[in-house]
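For reference, the chains in residue letters:
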Amino acid sequence: SQKIEQNSEALNIQEGKTATLTCNYTNYSPAYLQWYRQDPGRGPVFLLLIRENEKEKRKERLKVTFDTTLKQSLFHITASQPADSATYLCALDGGMDTGRRALTFGSGTRLQVQP
Amino acid sequence: DTGVSQNPRHKITKRGQNVTFRCDPISEHNRLYWYRQTLGQGPEFLTYFQNEAQLEKSRLLSDRFSAERPKGSFSTLEIQRTEQGDSAMYLCASSLGQHGQPQHFGDGTRLSIL
């Protein structure tokens, strides 16, 4: 069956360090992968999208990689700040072979940046 | 604010009652999605609309759940004969119609079943 795995344990890092979050998937051939941020009691907020033919995408302090051979995406936040503390979700579409438009989300990884 | 709006933010009801939630998407977005989220989990897809047409429904969407988007703008999600297991955050999102567009989420309706 299809599965998306994100580290369920919280990631604690010191301010200024780089946070790296992992998203692994099985039995998918997604056309693209998205990362979202979610704060308690709020809806997810879109951060970055990367397509299957892209290896890396950057936006300000954020970087996403996408390895379709390893079936893995890495999400990096450089120079992390306490304000980056939140839960980060990865999401995949069903892929062009299924035509499924809705996203399937991982369970998210909670990031805590200590001042 | 021109983001996705959901009402009510909180709903507390007794088991067996019917509830209805409303979602107002971003005006130029023709796709609208409903998700359900429980504590510690990511959002789970329920259904989505392209304009007024409901194009996909999850197996999670039992017969007690119905969604509409009558004029291709706002949408409602109704749950009939609520059960304890329906307690969750119900999230609405909207996007442009092309494949691979980011989804913009509202802040959800938290449903609590007594």
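No experiment lies behind these values; they were computed from the predicted model shown.

S.K.: I keep staring at the environment of Asp93(A) and nothing clicks. Help me out?
M.R.: Looking at where Asp93(A) falls in the secondary structure, it is placed in the loop between strand E9 (86-92) and strand E10 (104-105). Engagement of the side chain of Asp93(A) in a polar contact is seen with the backbone nitrogen of Tyr32(A), the distance being 3.3 Å.

S.K.: Explain the pattern of salt bridges to me, please; I cannot follow it from the model alone.
M.R.: Two side chains bearing opposite charge may form a pair once their charged atoms approach each other closely. By the definition in use, this model includes eight salt bridges over all chains. In this structure, Asp39(A) and Arg37(A) form a salt bridge, with 3.1 Å as the shortest nitrogen-oxygen distance. What makes Asp39(A) partly exposed here is its relative accessible area of 27%. Its relative accessible area of 18% is what places Arg37(A) among the buried residues. A salt bridge links Asp24(B) to Arg22(B); the nearest nitrogen and oxygen atoms lie 2.8 Å apart. Bridged by salt links that share partners, the residues Arg64(B), Glu83(B) and Asp86(B) form one connected network.

S.K.: Explain the interface of chain A and chain B here, please?
M.R.: Think of interface size as the accessible area that goes away when the parts come together; that is how it is often given. If you look at the interface, chain A gives 22 residues, while chain B gives 22 residues. Both sides together, the interface formed by chain A and chain B hides about 1,700 Å², and carbon and sulfur atoms give 53% of it. Seen at the junction of chain A and chain B, the total is one salt bridge. With a closest N to O distance of 2.9 Å, Asp107(B) and Arg42(A) form a salt bridge. In this structure, the connection of chain A to chain B is made through six residue pairs in polar contact (both at pLDDT 80 or more). Residue assignment for the side of chain A that touches chain B shows that the elements contributing at least two residues are strand E4 (32-38) and strand E5 (45-51) of chain A. When residues in the side of chain A that touches chain B are grouped by element, the largest group, four residues, is from E4(A). Of the residues in the side of chain A that touches chain B, the class split is 11 nonpolar, six polar and five charged.

S.K.: Sorry if this is basic, but what is going on with the state of the cysteines here?
M.R.: Covalently bonding the sulfur atom of one cysteine to the sulfur atom of another cysteine gives a disulfide. Within the structure shown, the criterion is met by two disulfides over all chains. What pairs with Cys23(A) in a disulfide is Cys90(A), and their sulfur atoms sit 2.0 Å apart. Linking Cys23(A) and Cys90(A), the disulfide has an S-S dihedral of approximately 60° and is accordingly described as right-handed. Taken together, the residues span a long stretch of sequence, with Cys23(A) in strand E3 (residues 19-26) and Cys90(A) in strand E9 at a distance of 67 residues. Residue class for Cys90(A) comes out buried when judged on its relative accessible area of 0%. Between the sulfur atoms of Cys23(B) and its disulfide mate Cys92(B) the distance is 1.8 Å. Torsion about the S-S bond of the Cys23(B) and Cys92(B) cystine: about -65°, corresponding to left-handed handedness. Pair noted here: Cys23(B) is in strand E3 (residues 19-24) and Cys92(B) is in strand E9 (residues 88-95), with a separation of 69 residues, a long-range link.

Rules used throughout
- Residues numbered from 1 in each chain as written.
- Chains lettered and ligands numbered in written order.
- Predicted model: local features only at pLDDT ≥ 70, side-chain atom pairs only at ≥ 80, totals over all residues.
- Heavy atoms only, no water.
- Helix = DSSP H or I, 4+ residues; strand = E, 2+ residues; numbered from the N terminus.
- Polar contact = N/O pair within 3.5 Å; in protein donor to acceptor, adjacent residues only side chain to side chain.
- Salt bridge = Lys/Arg side-chain N within 4 Å of Asp/Glu carboxyl O.
- Buried < 20%, exposed > 50% of the residue type's maximum accessible area, 1.4 Å probe, protein only.
- Contact = heavy atoms within 4.5 Å.
- Buried area = accessible area lost by both parts, 1.4 Å probe.
- Nonpolar A, V, L, I, M, F, W, Y, C, P; charged D, E, K, R; others polar.
- Disulfide = S-S within 2.5 Å.

None of the figures reported here should be taken as evidence of function without further support.
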